[in-house]
Amino acid sequence: MNNMKIRSKLLTAVVLSSGILSAASALATDASTTELIKRGEYIAVAADCGACHRQTREDGAPYAGGYAIDSPMGRIIASNITPSKQFGIGSYSEKQFADAVRKGVAADGSNLYPAMPYTAYQGMTDDDVHALYTYLMQGVKPVDHAPEAKTSLSFPFNIRQIMWGWNLLYRSDKPFAKQPNASDELNRGKYLVEVLGHCSTCHTPRNMMMAEESSQNLSGSPLGGWYAPNITPDKSGIGSWSQSEIVTYLKTGHLAGKAQAAGPMGEAVEHSFRYLSEADLNAMALYIKQVPAIATPTAQPASQPPVATDINQVIVGQGSQASLADSSSTHGAELYNGACASCHGIKGEGTKDNFYPSLTSNTAVSGATAQNLVMTIADGLHRKGSDSDVSMPAFGQQMSDAQIAAVSSYVRNQFANIQEPVTAEQVTTYRHGGDAPFIVRYVNCLMAAGAIVVLLILFGLLRLRKKP
Ligand code: HEC
Ligand code: HEC
Ligand code: HEC
């Protein structure tokens, strides 16, 4: 064999083996990218990105945006976050994406409204941001159109720059801090609850400027017409729930004899929590059970048992939904027996298998406010949990606010012995999104006050200039 031949053989061998090597490494990259995309998808589910960034249509493409968040200042439309270059986030770099998710700053430098929960996501680790970015860029189909609806907020909230000042005051830029001397499980739970699951964005009360009051963490907050209850381990919260009961509730959306998840919590269960691993749910429950307990006011049952209703006096079982529409009755018992008893039982006992839950031991009925009861009656309930698909009809069309008030008062009175009636005005307020927070109610006064301050300063400056 001459040198030439040896050389060419060697060369072929080298070329061949490097070919094999690069093919192998391409396979390895593919496998690790697939792994990364899968991890990113799990993070997206745990952080519930899809719930807000979905299309309004049931069959809409994932992450195409358009879902409207009714805030007290107006409607905010969630963006298209598919990798479409023109209409989505296809041209976002990973750094720009990280800034949007953790700081609430879009690629063009404009401020996002905190309806996008960046105040919670700001603790997201770099690893998780990387996986999430890889998933959204490579694991999601681009959708090349913009959401139909557009964000429309009232003045001055339509000026995005005002968020700059708000961020300065209320956005933390500290990375997620592990609890020292705590187990890995507890810290995983803390990360899931505080950062990805953003529980506090709903369950923590807000101050006048709509920022979360961290000293009152998870102690309950109104949420539109709903109320996200106190979930700290106090008696007035969920102190009596065991770790495994919390897991069951998050996973299935119902806990027999205690609570059902309707409204925004039902959605969180359906789109996010029911998909989490058993280990992650347990970690979350472990963490929830040891956050500082905060006592909040509860509804006080009367000392005397409720006056028994004479069922014979009311029409039982005849009030079909159609006849309810014609009826102007505001007789609570009559309405209950006509509209609710077929599922929940005359005595509110529910069914034995708990498919139709008892109302005698239910946190929406006995809650500090009647909000969740009223909203469940008005909007109904549709939820997929890990074990079932439940639904209760909405009565908002058939019943007037006065009727909803009457049936709510009856339910609270008979099944939780709460005497204080629910009024038609309260029902109207809840159904229109609850009491507006301070900043919205008083923004006009604040603006007037601001304008006066500006005028006074100008006036002062003018006088200064006039002086020799
Ligand atoms: C509670 C609802 C909600 C959740 C949950 C949510 N977002 Fe958003 N997001 C919004 C809204 C609303 C906007 C638009 C805000 C605005 O217009 O100021 C937005 C904007 C964005 C933007 C800016 C896009 C642009 O250029 O307009 C990105 C990126 C984004 N979200 C990513 C995510 C990711 C990733 C997740 C999950 C980790 C997530 N969002 C979870 C509501 C949500
Ligand atoms: C989008 C808002 C929202 C988010 C996010 C949210 N919750 Fe809720 N949560 C609610 C509302 C509203 C209710 C009341 C539901 C009802 O009674 O039908 C509720 C109810 C609950 C209850 C039952 C309390 C009771 O007394 O009945 C628990 C427990 C709970 N949430 C835990 C959590 C945890 C843990 C997280 C985060 C992992 C979380 N929630 C995230 C809005 C939210
Ligand atoms: C067709 C059957 C049906 C009718 C009629 C019905 N419900 Fe329900 N209700 C349900 C189901 C199913 C659930 C949810 C069970 C679950 O979450 O597992 C539910 C849940 C509830 C809850 C718990 C909500 C929460 O947030 O915890 C309340 C309170 C309630 N119903 C009250 C009423 C009242 C009051 C009426 C009459 C105005 C009524 N229901 C009529 C089937 C019904």
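We now turn to the structure provided with this report.

Thresholds, definitions, all that
- Residues numbered from 1 in each chain as written.
- Chains lettered and ligands numbered in written order.
- Predicted model: local features only at pLDDT ≥ 70, side-chain atom pairs only at ≥ 80, totals over all residues.
- Heavy atoms only, no water.
- Buried < 20%, exposed > 50% of the residue type's maximum accessible area, 1.4 Å probe, protein only.
- Helix = DSSP H or I, 4+ residues; strand = E, 2+ residues; numbered from the N terminus.
- Pairing = 2+ DSSP bridges.
- Donors = N, O, S within 2.8 Å, 3.2 Å for Na, K, Ca; no water.
- Tetrahedral: all angles 85-135°; square planar, octahedral: opposite > 155°, others 65-115°.
- Near = heavy atom within 4 Å.
- Polar contact = N/O pair within 3.5 Å; in protein donor to acceptor, adjacent residues only side chain to side chain.
- Nonpolar A, V, L, I, M, F, W, Y, C, P; charged D, E, K, R; others polar.

So, helix α16 (residues 371-379)
Here comes step 1: Counted residue by residue, α16 has 8 buried out of 9 residues, so it is predominantly covered.
Here comes step 2: Restricting attention to buried positions, one finds in α16 the residues Gln 371, Asn 372, Leu 373, Val 374, Met 375, Thr 376, Ile 377 and Ala 378.
Here comes step 3: Where α16 ends, the next residue or the one after it, Gly 380, has phi of about 75°, a positive value.

Re the sheet that holds strand β3 (residues 152-153)
Here comes step 1: Spatial ordering of the open sheet is given by β1-β2-β3, a layout of 3 strands whose pairing is antiparallel. A single partner strand is all that each edge strand has here, and the edge strands are β1 (68-71) and β3.
Here comes step 2: Summarising the sheet, strand β2 (residues 74-77) and β3 pair through 2 bridges and their orientation is antiparallel. Considered in β3, the bridge of Gly 74 is made with Leu 153.

Some thoughts on the coordination of the iron atom of ligand 1
Here comes step 1: Listed as protein donors to the iron atom of ligand 1 are His 53 (NE2) and Met 116 (SD); their distances from the metal cover 2.0 to 2.2 Å.
Here comes step 2: For the iron atom of ligand 1, the 6 donor atoms in the first shell make angles of 88 to 180° at the metal, so the coordination geometry reads as octahedral. With a gap of 63 residues between them, His 53 in the loop between α2 (49-52) and β1 and Met 116 in the loop between α3 (94-103) and α4 (118-121) connect regions that are remote in the sequence.
Here comes step 3: Under the relative-accessibility criterion, His 53 is labelled buried at 10%.

Observations concerning the site of ligand 1
Here comes step 1: Taken together, 25 residues lie around ligand 1, and Cys 49, Cys 52, His 53, Tyr 92 and Met 116 are the ones closest in.
Here comes step 2: Take Ser 79: an N or O atom from its side chain is 2.9 Å from an oxygen atom of ligand 1.
Here comes step 3: One nitrogen or oxygen atom from the side chain of Tyr 92 is found 2.5 Å from an oxygen atom belonging to ligand 1.
Here comes step 4: If you list the elements that add at least two residues to the shell around ligand 1, you get α2, β2, α3 and α5 (126-138).
Here comes step 5: Sort the elements by how many residues they give to the shell around ligand 1 and α3 lands first, with 3 residues.
Here comes step 6: Its residues assigned to classes, the shell around ligand 1 comprises 20 nonpolar, 3 polar and 2 charged.

Considerations on the site of ligand 3
Here comes step 1: If you check the shell around ligand 3, you find 25 residues, and the closest are Gln 260, Cys 340, Cys 343, His 344 and Met 392.
Here comes step 2: Within the side chain of His 344, an N or O atom sits 2.8 Å from a nitrogen atom of ligand 3.
Here comes step 3: Going through the elements one at a time, α14 (341-344), α15 (363-366), α16, β8 (381-384) and β9 (389-392) are the ones with two or more residues in the shell around ligand 3.
Here comes step 4: For the shell around ligand 3, the residue count by class is 18 nonpolar, 6 polar and 1 charged.

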